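# Commentary on secondary and tertiary structure
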Amino acid sequence: MTIAELCKGSDAVIDVGCDHAKLPIYLIENNIVNRAIATDIRQGPVDNARKNVVANKLEDKIRINLCNGLEDFGPEDGDTIIVAGMGAEEIVSIIDNAPWTKNEKIKLILQPMTLEYKLREYLYKNGYEVRNEEIAIEGPKVYTIICASWTGKELKEENYNLFSDKLYYGRNRCTYIEKLIKRYSRMQEGHKLSAGGEVEELNTILEMLYNTLEKMKKEL
């Protein structure tokens, strides 16, 4: 589990959108973290999480919470925040409504399902630095997992916000770039009869992606 690996060195995690609390249970049972909070905005997932925590006799290690995003929490509740399996815009909203995450000691582990570039754009503009980026593969689906923390410095855009330079050192990096090439090739095909700046930008992005893929393959 890539997210679990990124939690190493953490004391306490807050898993937002916990569903069945499988990740917090895994983290505790494998001694990766000392305590965890499993939280969700919906009553159903919270009930499921509580049943699993009780079944595994981890009530003293995992707290279950019903709330919207991070609204019930503060820096004393966890040094690592996990927000996975949501769209980038929802993740941005959760972070933006929790200004206490602007803390150098807090690690954000974020897995956007869509519009990844919007999440990176938000992070860069709001003083969060991407510390690591890994790629997770589940069957035919390829996801990016971003590990970030606050520095207070507004950072410049990297690679059209499609990936960070940290990706060069991650696993499955070529697979993710190939996914982006397919996505932007489809967009280019849809605009091939058009003219103007958008077409030129698509061409530039694709050229950058092909060059990046070639460089990554040479370094394997």
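Below you will find a few notes about this structure.

### A look at the overall build of the chain
- Counting its secondary structure elements, the chain contains seven helices and seven strands.
- Traced from its N-terminal end to its C-terminal end, the chain shows the element sequence α-β-α-β-α-β-β-α-β-α-β-β-α-α.
- Here the C-alpha atoms of the chain give a radius of gyration of 19 Å, agreeing with the 17 Å that 2.2 N^0.38 yields for 220 residues.
- Across its three principal directions, the C-alpha atoms of the chain cover 60 × 35 × 30 Å.
- Taking all contacts inside the chain whose residues are at least 6 apart in sequence as the whole, residues at least 24 apart take part in 68%.
- Here the chain displays about 11400 Å² of accessible surface, and carbon together with sulfur accounts for 47% of that area.
- Within the chain, one finds 30 positive and 36 negative side-chain charges whose respective centroids are separated by 4 Å.

### Digging into the pattern of salt bridges
- Scanning all chains against the criterion turns up 14 salt bridges.
- Of the charged contacts, one joins R35 and D11 as a salt bridge, the two residues approaching to 3.7 Å between their closest N and O atoms. Here R35 is found in strand 2 (residues 35–40), whereas its partner D11 is found in the loop between helix 1 (2–6) and strand 1 (12–16), with 24 residues between them in sequence.
- In this structure, a network of salt bridges that share partners links the residues E5, E134 and R171.

### Describing the sheet that holds strand 3 (residues 62–66)
- Strand order across the open sheet formed by seven strands is 3-2-1-4-5-7-6, with mixed pairing between neighbours. In this open sheet, the two edge strands, each paired with only one partner strand, are strand 3 and strand 6 (128–138). Each strand of the sheet is rotated relative to its neighbour by a mean of 15°, with strand direction disregarded.
- As paired elements, strand 1 and strand 4 (residues 80–86) share four bridges and run parallel to each other. Considered in strand 4, the bridge of I14 is made with I81.

### Brief notes about the pairing of strand 7 (residues 141–150)
- Taken across its 10 residues, strand 7 has eight buried, putting it largely inside the fold.
- Bridge analysis of strand 5 (residues 107–112) against strand 7 gives three bridges, and the strand direction is antiparallel. If you follow I109 over to strand 7, its bridge partner there is C147.
- Examined bridge by bridge, strand 6 and strand 7 share 10 bridges and lie antiparallel to one another. Paired with I135 across the two strands is T144, which belongs to strand 7.
- Here strand 6 folds back onto strand 7, and the loop between the two strands holds two residues, one of which, G139, carries a positive phi near 60°.

### Focus on helix 6 (residues 173–190)
- In a regular helix each residue adds 1.5 Å, so 18 residues correspond to 26 Å; helix 6 covers 26 Å between its end C-alpha atoms and thus fits that length.
- Of all the positions in helix 6, only R173, C174, Y176, I177, L180, I181 and Y184 are classed as buried. In a view along the axis of helix 6, the buried residues occupy a sector of 155°, so they form one face of it. Among the exposed residues of helix 6, those oriented more than 90 degrees off its buried face are K182, R186 and G190.

### Re unusual backbone geometry
- The backbone of L115 sits at a positive phi, close to 50°, despite the residue not being glycine.
- Assignment of secondary structure puts L115 in the loop between strand 5 and helix 5 (116–125).
- The phi dihedral of Y160 is positive, around 55°, even though this residue is not glycine.
- Summarising the element assignment, Y160 is placed in the loop between strand 7 and helix 6.

### Considerations on the side chain of S149
- Examined against the element boundaries, S149 turns out to sit in strand 7.
- Take S149: its relative accessible area is 7%, and that puts it in the buried class.
- Setting aside residues no more than four positions away along its own chain, S149 makes contact with E104, I106, G127, Y128, E129 and R131.

### Here we look at the environment of E129
- Examined against the element boundaries, E129 turns out to sit in strand 6.
- Taking C-alpha positions, E129 is 10.0 Å from E104, a pair spaced 25 residues apart along the chain.
- When near neighbours in sequence (up to four residues on either side) are disregarded, E129 contacts C147, A148, S149, T151, L155 and K166.

Cut-offs and rules
- Residues numbered from 1 in each chain as written.
- Predicted model: local features only at pLDDT ≥ 70, side-chain atom pairs only at ≥ 80, totals over all residues.
- Heavy atoms only, no water.
- Helix = DSSP H or I, 4+ residues; strand = E, 2+ residues; numbered from the N terminus.
- Rg over C-alpha atoms; globule rule 2.2 N^0.38 Å.
- Contact = heavy atoms within 4.5 Å.
- Areas by Shrake-Rupley, 256 points an atom, 1.4 Å probe, with all protein chains shown as cover.
- Lys, Arg positive; Asp, Glu negative; His and termini not counted.
- Charge placed at Lys NZ, Arg CZ, Asp CG, Glu CD.
- Salt bridge = Lys/Arg side-chain N within 4 Å of Asp/Glu carboxyl O.
- Pairing = 2+ DSSP bridges.
- Axes fitted to C-alpha atoms, helices over the stretch in contact; angles between N-to-C directions.
- Buried < 20%, exposed > 50% of the residue type's maximum accessible area, 1.4 Å probe, protein only.
- Expected span 1.5 Å × (residues − 1).
- Arc of directions from axis to C-beta.

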